[in-house]
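Residue strings, one per chain:
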Amino acid sequence: MEPTSPKESRQSTATPQGVLPEHVQENRRYWDGMADEWVAPGERHWRQEAPTWGIWSIPEFELQMLPEDMSDQDAIELGCGTGYVSNWMARRGAKCVGIDNSEKQLDTARRLAEEHDTELTLLHGNAETVPYPDASFDFAISEYGAAIWCDPYAWIPEAHRLLRPGGQLVFLASSAWATACSPLDGSEVGFQLVRSYFTTHRTDWREVEIDPGGVEFQLPASRWFRLFRDTGFEVLDFIEIQAPEDQVESKFHVPADWAKKYPSEVVWKLRKR
Ligand SMILES: C[S@@+](CC[C@H](N)C(=O)[O-])C[C@H]1O[C@@H](n2cnc3c(N)ncnc32)[C@H](O)[C@@H]1O
């Protein structure tokens, strides 16, 4: 059953109808298979008082991803995983929907929401086609969810459709620099440009030697800008994240030394015109 508005659907679970695109099917298989590894990080993030973001745990006061007061805001997290970002928004007063493609990730999110006594609406489905009417939300966010696992030409217009005029979309993703420096065997990001910057739209990681699986998306900066403009978003901010000076360990195939010299992650903040 599909909810018709955020307020009607508290505590509901829904799966959008229809055949899933091939990359969404692959990413569902991939994330269901990996969900166990994300339980402990999810638990840790749920316990955090203050949000931190991305692979380098950059504090909220530096990135300002979330409005301080979200009372009376309808918010949606696109690719919510274990749901900790939704929890942070709920703590700021938002009525939150989290949609995720992996039922296993949502199992963890549901358990943690119950343990922390947080009211969230958690939906199983594809963030490229969300079962809510136009203009249902004031705020949409993704941290490494739809932001990298959904096709930007599908999920950016979908986020725009879901937002009310003046509503904001904020997302954090890996940078096009990191993608261009990511060897296609799945090994660490390196100091050489090993892939064409202009042809990184879709990367299929199924056949790689190291950590195979999943289909990811990326665009060169100029195409992100064009997509936002053509969709009807105004760019409020674009942040290139630098790894902290005291960081020494690699994170998720990104060496700290690399990420101190080049942006491994970016944040986009957009407003629906
Ligand atoms: C890295 S997690 C993001 C959640 C959290 N912020 C984090 O970093 O752990 C990626 C999530 O995106 C979800 N995902 C992948 N493709 C999706 C899609 N098409 N629609 C919704 N969620 C999707 C995966 O199932 C996974 O739970």
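Worth saying up front: this structure is predicted, and the values here are computed from it rather than measured. (Residues numbered from 1 in each chain as written. Predicted model: local features only at pLDDT ≥ 70, side-chain atom pairs only at ≥ 80, totals over all residues. Heavy atoms only, no water.)

A closer look at the UniProt feature "domain: Methyltransferase type" (unreviewed entry) in the protein chain
Stage number 1. UniProt's entry tags residues 77-171 with the feature "domain: Methyltransferase type" (unreviewed entry), counted in the numbering of this structure.
Stage number 2. From the first C-alpha to the last, residues 77-171 spans 10 Å; its make-up is 38% helix and 31% strand. (UniProt positions renumbered as here; feature names shortened; annotations may be inferred. Helix = DSSP H or I, 4+ residues; strand = E, 2+ residues; numbered from the N terminus.)

Notes on the site of the ligand
Stage number 1. Surveying the vicinity of the ligand reveals 19 residues, the closest of which are Asp-100, Gln-105, Asn-126, Ala-127 and Glu-143.
Stage number 2. Asn-126 places a polar side-chain atom, nitrogen or oxygen, 2.9 Å from a nitrogen atom of the ligand.
Stage number 3. In the model, a nitrogen atom of the ligand is placed 2.7 Å from a nitrogen or oxygen of the Glu-143 side chain.
Stage number 4. Across the complex, the protein chains shield 97% of the 580 Å² of accessible surface that the ligand would expose by itself.
Stage number 5. Classifying every residue of the shell around the ligand gives nine nonpolar, eight polar and two charged. (Near = heavy atom within 4 Å. Polar contact = N/O pair within 3.5 Å; in protein donor to acceptor, adjacent residues only side chain to side chain. Areas by Shrake-Rupley, 256 points an atom, 1.4 Å probe, with all protein chains shown as cover. Nonpolar A, V, L, I, M, F, W, Y, C, P; charged D, E, K, R; others polar.)

Focus: the confidence of the model for the protein chain
Stage number 1. With 94% of its residues at a pLDDT of 70 or more, the protein chain has an overall mean of 93.
Stage number 2. Across the protein chain, the element-wise mean pLDDT spans from 95 in strand S8 (residues 202-204) up to 99 in strand S3 (residues 74-78).
Stage number 3. Contacts for the low-pLDDT stretch residues 1-17, under 50 throughout, to residues beyond four places or in other chains number 45 contacts. (pLDDT = per-residue confidence, 0-100. Contact = heavy atoms within 4.5 Å.)

Brief notes about the pattern of salt bridges
Stage number 1. For the structure on display, the rule yields 15 salt bridges.
Stage number 2. Here Asp-74 ties to Arg-164 by a salt bridge, and the two come within 3.1 Å at their closest N and O atoms. Separated by 90 residues along the polypeptide, Asp-74 in strand S3 and Arg-164 in strand S7 (residues 163-174) bring together distant segments of the chain.
Stage number 3. A relative accessible area of 2% means that Asp-74 is categorised as buried.
Stage number 4. A residue is classified by how much of its surface remains accessible, and Arg-164, at 26% relative accessible area, is partly exposed.
Stage number 5. Residues joined by salt bridges that share partners form a network here, namely Glu-22, Arg-202, Asp-204 and Arg-206. (Salt bridge = Lys/Arg side-chain N within 4 Å of Asp/Glu carboxyl O. Buried < 20%, exposed > 50% of the residue type's maximum accessible area, 1.4 Å probe, protein only.)

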